[in-house]
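Now for the letters of each chain:
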Amino acid sequence: MGTSLTGTRVVVTGSAGGVGRAVVKGLVAEGARICATDITSSVAKLVDDNPGGDIITIEGDVTKATDVERIYRFAEEKFGGVDALVSNAGYIISKQVHETTEKEWDSVLDANSKSFFLMSKRVLPEMLVRGAGCIVATGSISGVLGLPAQAAYCASKGALLQLVRQMAVDYAGNGIRVNAVGPGSINTPFLQRYLDGLPDPAAGMAEIKAAHPMGRWAEPHEIADAIIFLLSSKASFITGQMLMVDGGYSAR
Ligand SMILES: NC(=O)c1ccc[n+]([C@@H]2O[C@H](COP(=O)([O-])OP(=O)(O)OC[C@H]3O[C@@H](n4cnc5c(N)ncnc54)[C@H](O)[C@@H]3O)[C@@H](O)[C@H]2O)c1
């Protein structure tokens, strides 16, 4: 893309998953320095999968402040600081409110919105001192639309979007931009697990594709490209926004 991100030190959460892996790959192509983190040990494979990339990896649960601290300190120790955050970790439980347990509610809100709060809270002090920084979160169409059987997930992505707007206002005067991408369905393990949980996965797949005016779902690199755009200087006057990357889903 040629976006000015050469040497930029970026922490990417959820980087062992479909979107995260594509973000890491895209950032390597831009010459960024990447601290890739995920709750699963397979995050370590990103180094071999991206030969020549400036990548360090660390396992951690971004719903826990102690792990977030450990991840931040690792990046600080290896890179000397953090210029940007991609808060991308997340997961879904597909249930209506009356079926959702308190534990399930908490786990989805923690994974999708508390993790964004905790990671942002940890990287912001350094950005405030520097007077520069950029944060991009992975939101969802579920953050702006009421989608069936996504009670906790819709609430969690709605909270994420509001925090994007709120932080954008608080930190705009400090040279820090905060944005999100709002994907429709993406071809990742996340979507596969969702389909597997449906009574008729094949019918679900056809229905999901048809719900997107473009008649298909996204490939992970299409979301990664939007994230990288928002991280870059090409988005220098954009803050507090969720860029919908949804094949037109939310346009109708
Ligand atoms: N796939 C879709 O259809 C879709 C649609 C809209 C938005 N999203 C969002 O995109 C983002 C990436 O999802 P994906 O599709 O790549 O899914 P994925 O399941 O392939 O990847 C998500 C990654 O997040 C990690 N993760 C989950 N909880 C974590 C925690 N507590 N700490 C650290 N890591 C954790 C997982 O281990 C996984 O590697 C998520 O925020 C998701 O909500 C996905």
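Look up: the structure comes first, before these words.
Bear in mind that the values here come from a model prediction, so they are computed numbers and not experimental data.

**Comments concerning the site of the ligand**
Here is step 1 of the chain: The full set close to the ligand counts 28 residues, and V19, D38, Y153, T188 and R193 are the nearest of them.
Here is step 2 of the chain: One of the side-chain N or O atoms of D61 is found 2.9 Å from a nitrogen atom in the ligand.
Here is step 3 of the chain: Separating an oxygen atom of the ligand from a side-chain N or O atom of Y153 is a distance of 2.6 Å.
Here is step 4 of the chain: For the shell around the ligand, the secondary-structure elements that each account for two or more residues are α1 (18–29), α5 (151–171) and α6 (189–196).
Here is step 5 of the chain: Per-element accounting of the shell around the ligand gives the leading share, 3 residues, to α6.
Here is step 6 of the chain: Grouping the constituent residues of the shell around the ligand by class yields 10 nonpolar, 14 polar and 4 charged.

**What to know about the packing of aromatic side chains**
Here is step 1 of the chain: Enumeration according to the criterion identifies 1 aromatic pair in this entry.
Here is step 2 of the chain: With a centroid separation of 5.8 Å and an interplanar angle of 50°, the aromatic rings of Y153 and F190 are classed as tilted. Taken together, the positions of Y153 in helix α5 and F190 in helix α6 put the pair 37 residues apart, joining distant regions of the chain.
Here is step 3 of the chain: F190 sits in the partly exposed class, given a relative accessible area of 25%.
Here is step 4 of the chain: Over the face of the ring belonging to W217 we find K209, whose NZ or CZ atom lies 4.6 Å from the ring centre.

**Some thoughts on the pattern of salt bridges**
Here is step 1 of the chain: Following the criterion strictly, the structure yields 12 salt bridges and no others.
Here is step 2 of the chain: In this structure, the salt-bridge partner of R33 is D54, at a minimum N-O distance of 2.7 Å. Remark: D54 occurs in strand β3 (residues 54–59) and R33 occurs in strand β2 (residues 33–38); sequence separation between them is 21 residues.
Here is step 3 of the chain: The exposure class assigned to R33 is partly exposed, which follows from its relative accessible area of 26%.
Here is step 4 of the chain: D54 sits in the partly exposed class, given a relative accessible area of 33%.
Here is step 5 of the chain: Across the pair D61 and K64 runs a salt bridge whose closest N-O atoms are separated by 3.1 Å.
Here is step 6 of the chain: Using a relative accessible area of 43% as the deciding quantity, one classes K64 as partly exposed.

**Things to note about the sheet that holds strand β5 (residues 133–138)**
Here is step 1 of the chain: Strand order across the open sheet formed by 7 strands is β3-β2-β1-β4-β5-β6-β7, with parallel pairing between neighbours. Two strands in the sheet have a free side with no partner beyond their single neighbour: β3 and β7 (242–245). Ignoring strand direction, the axes of neighbouring strands in this sheet form an average angle of 15°.
Here is step 2 of the chain: Across the sheet, helix α4 (residues 102–130) is in contact with β1 (9–13), β4 (84–87), β5 and β6 (176–183); its angle to β5 comes to roughly 165°.
Here is step 3 of the chain: Running at roughly 165° to β6, helix α8 (residues 220–231) makes contact with β1, β4, β5, β6 and β7 of the sheet.

**Considering the packing of α4 against α5**
Here is step 1 of the chain: Between α4 and α5, whose axes approach to 7 Å, the crossing angle comes to 15°. Of the possible angle classes, the one that applies to α4 and α5 is roughly parallel. Considering how the two elements wind past one another, α4 and α5 form a crossing that is right-handed. Residue-level contacts link W105, V108, L109, N112, S113, F116, F117, S120, L124 and L128 of α4 to A151, A152, Y153, A155, S156, K157, A159, L160, L163, V164, M167 and Y171 of α5.

**Examining the nonpolar core**
Here is step 1 of the chain: Counting 32 residues, the largest nonpolar core has V11, C35, F116, I135 and V178 as its most contacted members.
Here is step 2 of the chain: Counting residues per element, the ones that place at least two in this core are β3, α3 (65–79), α4, β5, α5 and β6.
Here is step 3 of the chain: Apart from the residues within four sequence positions on either side, C35 is in contact with V10, V11, V12, I56, I58, F74, A75 and F79.

**Concerning the environment of A151**
Here is step 1 of the chain: Mapped onto the fold, A151 is located in helix α5.
Here is step 2 of the chain: Note: C-alpha distance between A151 and T37 (114 residues apart in sequence) is 27 Å.
Here is step 3 of the chain: Aside from chain neighbours lying at most four places away, what touches A151 is K95, Q96, V97, T100 and W105.

About the cut-offs
Residues numbered from 1 in each chain as written. Predicted model: local features only at pLDDT ≥ 70, side-chain atom pairs only at ≥ 80, totals over all residues. Heavy atoms only, no water. Near = heavy atom within 4 Å. Polar contact = N/O pair within 3.5 Å; in protein donor to acceptor, adjacent residues only side chain to side chain. Helix = DSSP H or I, 4+ residues; strand = E, 2+ residues; numbered from the N terminus. Nonpolar A, V, L, I, M, F, W, Y, C, P; charged D, E, K, R; others polar. Phe/Tyr/Trp six-rings, centres within 6.5 Å; stacked < 30°, edge-to-face > 60°. Buried < 20%, exposed > 50% of the residue type's maximum accessible area, 1.4 Å probe, protein only. Lys NZ or Arg CZ within 6 Å of the ring centre and 35° of its normal. Salt bridge = Lys/Arg side-chain N within 4 Å of Asp/Glu carboxyl O. Pairing = 2+ DSSP bridges. Axes fitted to C-alpha atoms, helices over the stretch in contact; angles between N-to-C directions. Contact = heavy atoms within 4.5 Å. Parallel < 35°, antiparallel > 145°, perpendicular 65-115°, else oblique. Left-handed = near helix turned anticlockwise from the far one by under 90°. Core = buried A, V, L, I, M, F, W, Y, C linked by side-chain atoms within 4.5 Å.

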